[in-house]
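# Notes for the structure review
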Amino acid sequence: MSHFSNIKTQIRNLTSLKEALNDIDIDWKEGPCTVRGYQGQTRNAEVAIAQNNNYDIGFSWNGSEYELIADLQYWQQPWSVEGFLNRVTQRYAYRTVLKETEKQGFQVAEQQKNEDGSLRLVVQRWSA
């Protein structure tokens, strides 16, 4: 029986996911790669994060989104699973918004980090 847990996300863009991991200083390896789990079990992933205890975390495409895959019994990150996903998701959303607004000709005019950790972006576009 597998020890791996699959946790659904709303992450659909691999480039933005990688940028989000970089933003929060997570060392990751580009896949396809193998995520190591309990008693030598492995799973394939597009992104793998090695942990010091030799049990990995990964993000794997399920056909509609990138799921977090990990043996949660061996979670070894500075944040809880929920805290980790919250940080990754916030930076992923930030990176996605920047890309989409840039495609439409907008630029960031103002950026503010609020006390609650949320971000406020003001974008503008000059028209001729």
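The structure this text deals with has already been given above.
Note that this is a predicted model, so its numbers are computed, not measured.

Reading the values: the criteria
- Residues numbered from 1 in each chain as written.
- Predicted model: local features only at pLDDT ≥ 70, side-chain atom pairs only at ≥ 80, totals over all residues.
- Heavy atoms only, no water.
- Phe/Tyr/Trp six-rings, centres within 6.5 Å; stacked < 30°, edge-to-face > 60°.
- Helix = DSSP H or I, 4+ residues; strand = E, 2+ residues; numbered from the N terminus.
- Buried < 20%, exposed > 50% of the residue type's maximum accessible area, 1.4 Å probe, protein only.
- Pairing = 2+ DSSP bridges.

### Observations concerning the packing of aromatic side chains
Evaluation of the coordinates by the stated rule reveals five aromatic pairs. For the pair Y55 and Y74, a centre-to-centre distance of 3.9 Å together with 5° between the ring planes defines the contact as stacked. Of this pair, Y55 sits in the loop between strand 3 (42–49) and strand 4 (57–61) while Y74 sits in the loop between strand 5 (66–70) and helix 2 (81–103), placing them 19 residues apart in sequence. Classification of Y74 as partly exposed rests on a relative accessible area of 21%.

### Details of the environment of D116
Its place among the elements puts D116 in the loop between strand 6 (107–113) and strand 7 (119–124). Between the C-alpha atoms of D116 and T34, which are 82 residues apart in sequence, the distance is 36 Å.

### With respect to the pairing of strand 3
Pairing geometry for strand 2 (residues 29–36) and strand 3, over six bridges, is antiparallel. Each bridged residue has a counterpart across the sheet, and for C33 the counterpart in strand 3 is A45. As consecutive antiparallel partners, strand 2 and strand 3 are separated by five residues, and within that stretch Q39 has a phi angle of approximately 50°, a positive value. Across three bridges, the pairing between strand 3 and strand 4 is antiparallel. By the bridge assignment, I49 is partnered in strand 4 with I57.

These figures come from the coordinates and say nothing about function on their own.
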